Amino acid sequence: SAVRSEAAQTNIKVIVRVRPHNEKELQDNFKTVVKIIDDRMLVFDPKEEENPFFYRGVVQKGRDLLKKQNKELQFVFDKVFDMSTSNLDVFEGSTKELITSLLDGYNCSVFAYGATGAGKTHTMLGKEGDPGITYRTMAELFAEMELQKDAKGFNLGVSYLEIYNENVQDLLHKVGPLHLREDGRAGVVVAGLKIISIHNADELLSLLAKGNKNRTQHATDANQESSRSHAVFQVYINISSKIDGQVKHVKLSMIDLAGSERASATGCKGARFKEGANINKSLLALGNCINNLADGIKHIPYRDSKLTRLLKDSLGGNCQTVMIANISPSSASFEDTYNTLRYANRAKKI
Ligand code: ADP
Ligand code: MG
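In this text, all values refer to a predicted model and were calculated from it rather than measured experimentally.

What counts and what doesn't
- All residue numbers here refer to positions counted from 1 along the written sequence of the relevant chain.
- Chains carry letters from A onward and ligands carry numbers from 1 onward, assigned in written order.
- Since the coordinates come from a predicted model, pLDDT governs what is reported: local features require at least 70, and pairs of side-chain atoms require 80 or more to be given and counted, while whole-chain, interface and lining totals use all residues.
- Working from all heavy atoms in the structure, the side-chain values ignore hydrogens and water.
- Under the scheme used here, helices are H or I runs from DSSP no shorter than 4 residues and strands are E runs no shorter than 2 residues, and both carry numbers assigned from the N terminus.
- Under the scheme applied here, a residue whose accessible area is under 20% of the maximum for its type counts as buried, over 50% as exposed, and between as partly exposed, the area being computed with a 1.4 Å probe on protein chains only.
- Contact definition: two residues touch when any of their heavy atoms are within 4.5 Å.
- The accessible surface values rely on the Shrake-Rupley method and a 1.4 Å probe; as for residues, cover is taken only from the protein chains in view.
- Among buried residues, those of type Ala, Val, Leu, Ile, Met, Phe, Trp, Tyr and Cys that are joined through side-chain atoms within 4.5 Å constitute a nonpolar core.
- Any N or O atom pair separated by 3.5 Å or less is treated as a polar contact, with the protein-specific requirement of one donor-capable and one acceptor-capable atom, and with residues adjacent in sequence counted only for side-chain atom pairs.
- To count as a disulfide, a pair of cysteine sulfur atoms needs to be within 2.5 Å.
- Residues are called lining when one of their atoms sits within 4 Å of a cavity or pocket point, these points coming from a 1 Å grid over the protein atoms alone, where a cavity is a set in which a 1.4 Å probe fits but cannot get out and a pocket is an open set with protein on both sides within 12 Å along at least five of seven lines.
- Grid points are joined across faces, edges and corners, and a volume is the space filled by probe spheres set on the points.
- Nonpolar residues are Ala, Val, Leu, Ile, Met, Phe, Trp, Tyr, Cys and Pro. Charged residues are Asp, Glu, Lys and Arg, and all others, Gly as well, are polar.
- Being near a molecule or strand, for a residue, means having at least one of its heavy atoms within 4 Å of it.
- Molecule-in-pocket calls rest on the fraction of atoms, with more than half required to lie within 2 Å of the cavity or pocket grid points.

1. Focus: the overall build of the protein
Part 1 of the reasoning: Check the secondary structure of the protein and you find 10 helices and 18 strands.
Part 2 of the reasoning: The proportion of buried residues among the 350 residues of the protein is 48%.
Part 3 of the reasoning: Put simply, 72% of the contacts in the protein that link residues at least 6 apart link residues at least 24 apart.
Part 4 of the reasoning: Summed over its atoms, the accessible surface of the protein is roughly 17,600 Å², and 50% of this surface lies on carbon and sulfur atoms.

2. Here we look at the environment of Gly296
Part 1 of the reasoning: Looking at the element boundaries, Gly296 is found in the loop between α8 (271-294) and α9 (306-310).
Part 2 of the reasoning: Each C-alpha atom of the pair Gly296 and Val34 lies 30 Å from the other, and the pair is 262 residues apart in sequence.

3. Section: the nonpolar core
Part 1 of the reasoning: Phe111 and Leu286 are the most contacted members of the largest nonpolar core, which totals 45 residues.
Part 2 of the reasoning: In this view, Phe111 contacts Ile255, Leu257, Leu286, Ile290, Leu311, Leu315, Thr321, Val322, Met323 and Ile324; residues no more than four positions away in its chain are not counted.
Part 3 of the reasoning: Residues Val90, Ile99, Leu103 and Val158 belong to the second largest nonpolar core, which totals 38 residues.

4. Quick look at the side chain of Gln234
Part 1 of the reasoning: Turning to its location among the elements, Gln234 is positioned in strand β16 (residues 230-241).
Part 2 of the reasoning: Polar side-chain contacts of Gln234 include one of 3.4 Å to the side chain of Tyr236.
Part 3 of the reasoning: One polar contact links Gln234 to Ser253, side chain to side chain, over a distance of 2.9 Å.

5. Quick word on the state of the cysteines
Part 1 of the reasoning: All told, the structure shown has zero disulfides when counted by the stated rule.
Part 2 of the reasoning: For the unlinked cysteine Cys319, the closest cysteine sulfur is that of Cys108, found at 7.4 Å.
Part 3 of the reasoning: Overall, Cys319 belongs to the buried group, its relative accessible area being 8%.

6. Some words on empty space enclosed by the protein
Part 1 of the reasoning: Scanning the model with the defined rule gives one cavity of 30 Å³ or more in all.
Part 2 of the reasoning: Taken as a whole, the largest cavity encloses approximately 60 Å³ of empty space.
Part 3 of the reasoning: What lines the largest cavity is Met124, Leu125, Thr134, Tyr160, Leu208, Ala231, Phe233, Met254, Ile255 and Asp256.
Part 4 of the reasoning: Mapped onto the lining of the largest cavity, the elements with two or more residues apiece are β16 and β17 (247-256).
Part 5 of the reasoning: Here the lining of the largest cavity takes three residues from β17, the largest share from any one element.
Part 6 of the reasoning: Among the residues forming the lining of the largest cavity, the class breakdown is eight nonpolar, one polar and one charged.

7. Describing the site of ligand 1
Part 1 of the reasoning: In the vicinity of ligand 1, the contacting residues are Arg17, Arg19, Pro20, Ala115, Thr116, Gly117, Ala118, Gly119, Lys120, Thr121 and His122.
Part 2 of the reasoning: Contact between ligand 1 and His122: an oxygen atom at 2.7 Å from a main-chain N or O atom of the residue.
Part 3 of the reasoning: Here ligand 1, which alone exposes 550 Å², has 67% of that area covered by the protein.
Part 4 of the reasoning: More than half of the atoms belonging to ligand 1 lie within 2 Å of the grid points that define the largest pocket.
Part 5 of the reasoning: For the shell around ligand 1, the class distribution of residues is three nonpolar, five polar and three charged.

Read these as geometric descriptors, not functional statements.
This is how it looks when you write it as C-alpha cells:
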C-alpha cells in the first residue's frame, strides 16, 4: 500500500532512441525486432509479415510448431526516435525545452540509459562534427542567457565526474575518491570537486574531451569499449535578478549511465562481479527512485546508491527529468532491448 502525495509535481519524460544497424548486424543478417509505429509508439518483436508457411516459395511444413511465438509488445513513450534521427533532432525533441525551466530556477536531469553499444555516448557526446545533446544544450543555454542578460546576471560553472564501483572520481582533476555531503542550503555537495567556470559552449568541448580521457574503461567479452562507469556532467548556474536582486542556484545534470546489460550476460566473473553488482545497484536505485516519483509514491530511496544520493536535489520536487533509453534494432541485442524497454516503461508517469 503505497503512500501517494497529493501534488506529484514530478515531470519525467521518457524517450526511446533506436540506433541504426551496425556493420556486424547488417553483415550477419540479423532481423529487425523493433518496429516503429509513429513518433510515440513502437512494437517490440513484431510478427513477421511474410506468409509463415512459405520460405522462398517452398511450403514450410510444421514451421509454426517449431517457431517461438513473437512477443509483439506494444510500447508508448513520450517520444520515439527512429534510426534516421540526428543528434540535432534528438536535442530539439528532448532537452531544448529544459532550458526555460532551468533559467526559471528548476533543477533538471537528463539520463542516457541502455546496454553497451546501444548509443548512449553517441546521444550525449556525439562525435567530431556531430556533437551530442550535452554540447547542443549548453550552446542553447548560452544563447538564452545572452537574450536574458538585461534582466538577469548569470554565473556558470561545470563539473564532470564518474561513479565507478560506487566511488566518485573527478574527471577534470585527478584526486582521490570524493565524498558526498548534504548541505542544507546548497543541496548535495561533492567535497573537493573541481568546478570550472566557462563562458561559451566551445570551451566545453575541450573539457569533455579531457574528462573522457580520464574515464575508467574496461574491456569485457561483450564489447571492447564497454563502460562500467556512470559519467555525470553537471552545470551550476547562479541567477541574480537585476530587478529585485533575488539570487537563485540551479543545476543541470547530464548523465551517460553505465551499460545496463546484466553482469551475467558479459561473462563477468570473479573480480568483475563486484563491479557488476554495483552498477546494477545504481541503475536499480535510479529505477526505483524514478518509478516512485512517477507513481506519486512519497518514499524515494535516494540513499540506496551513490548516483541517487548525488542527484537527490535534481530528481523529484519541481525538477524536470528526461530519460533517453537507447536501443539497438537488431535481434542480436534482443534481451538487452527487451530489458531496456521494460525499464523505460516502468519510468513512465502513471
Ligand atoms: P554506448 O555508449 O551506449 O555503449 P555508443 O554511443 O558508443 O554506445 O554507440 C556504439 C556505436 O554505435 C558507436 O560506434 C556509435 O558511433 C554508433 N552509434 C550509436 N548510435 C548511433 C546513431 N544514432 N547513429 C549512428 N551511429 C550510432
Ligand atoms: Mg558509451
